[in-house]
Amino acid sequence: MKRRGLALAVLLGLPLLAGGCSSLEDKRIFQYLNRSGFGQRYHGNASEENFAAVGDAVTVTDSVNPEYLTLPPQQVDIDGTIDMPEVGNVHVAGLTAGEIESLLTALYRPYFEDLRVRVRIRTLAKSFYVFGEVAREGPHPFPGDVTLLEAVLRSAPNRVTANLARVRLVRGDPVDPLVVVVDLERLLRTGDTTYNLRLRENDIVIVPPTVIGAIGNALTQLVYPVTQILGTVVGVLGAVTYYEVRRNFF
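Everything quoted here is computed from the prediction, not taken from an experiment. (Residues numbered from 1 in each chain as written. Predicted model: local features only at pLDDT ≥ 70, side-chain atom pairs only at ≥ 80, totals over all residues. Heavy atoms only, no water.)

Student: Can you lay out unusual backbone geometry for me, pointing to particular residues and giving the numbers?
Tutor: Note on backbone geometry: most residues besides glycine have negative phi, and most peptide bonds are trans. Notably, Ala-156 is not glycine yet its phi reads approximately 60°, a positive angle. Here Ala-156 lies in the loop between α4 (148-154) and β8 (167-171). For Ala-156, a relative accessible area of 27% gives the class partly exposed. Even without a glycine there, the phi angle at Asn-202 is positive, about 75°. Within the secondary structure, Asn-202 is located in the loop between α5 (184-190) and β10 (204-207). Overall, Asn-202 belongs to the buried group, its relative accessible area being 6%. (Helix = DSSP H or I, 4+ residues; strand = E, 2+ residues; numbered from the N terminus. Buried < 20%, exposed > 50% of the residue type's maximum accessible area, 1.4 Å probe, protein only.)

Student: Residue-level account of the environment of Val-179, with values.
Tutor: As for its placement among the helices and strands, Val-179 is situated in strand β9 (residues 178-182). With 25 residues separating them along the chain, Val-179 and Ile-204 place their C-alpha atoms 9.4 Å apart. Not counting the four nearest positions on each side in its chain, Val-179 is found in contact with Arg-168, Leu-169 and Val-170. (Contact = heavy atoms within 4.5 Å.)

Student: Break down the layout of surface pockets for me, with residues and values.
Tutor: In this structure, the largest pocket spans a volume of roughly 280 Å³. Considering the residues around the largest pocket, the lining is formed by 14 residues, among which Gly-37, Gly-44, Arg-171, Gly-172 and Arg-200 are closest to the centre. Of the residues that constitute the lining of the largest pocket, the class distribution is two nonpolar, six polar and six charged. (1 Å grid on protein atoms, 1.4 Å probe; cavity = no way out; pocket = protein on both sides within 12 Å on 5 of 7 lines; lining within 4 Å. Points joined across faces, edges and corners; volume = space filled by probe spheres on them. Nonpolar A, V, L, I, M, F, W, Y, C, P; charged D, E, K, R; others polar.)

Student: Can you break down the pairing of strand β5 (residues 117-122) residue by residue, with the values?
Tutor: Where a strand is regular, its side chains alternate between the two sheet faces. Of the two faces of β5, only one is covered, namely that formed by Val-117, Val-119 and Ile-121; the face formed by Arg-118, Arg-120 and Arg-122 stays uncovered. Sheet analysis places strand β1 (residues 57-62) next to β5, joined by six bridges and oriented antiparallel. Bridging across to β5, Ala-57 finds its partner in Arg-122. (Pairing = 2+ DSSP bridges.)

Below is the structure:
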């Protein structure tokens, strides 16, 4: 009876343990969920006021103390800091140029009677993304003033398969995401630039295929295994032929 009771207790406890493990796993996943922006730790609208992000270059100058505080461009490190003389690592990621100037002025006030710190942020790490029927897919450097039409044209859309009448702009966010379908063909035909939206960093542009392009893509996927097998067979036959020629003539 004792053994049966123990076995029954174990069986009843297993679901509780499984539920507990699942709950712990869910809590751990919840810790890493994205709750703001596109998914990067430092974000904002760089088109309105640029901010330092990991990978950007920050240049610091001081016209009053140039020999001490005029430094070559420094890349914002993975922890969001730059290395400054005397004060060490200074966290600048997420700050605008004016905010960094105020921070450095406060840090160096004990060392100098007069300061005129100036900061310039050179964007190196900010990008937007283009996918679909274009020759240059993937991330593109964000220059700060680029429209949807410019982004698509820079990515070299396929003249036959790119459906410019159904281009999608995706502005990702866990709270307020935005997806806009834009007819760029109408823009090119009529000159109406109402929906030629200005991009922000991290925007995603998707150029879908036309009906012909979709059919072509489907056929390509269907024949892909056959082409892979044929390619392998041709490669093997070529290697065998080369071996036979080499053995007979050399």
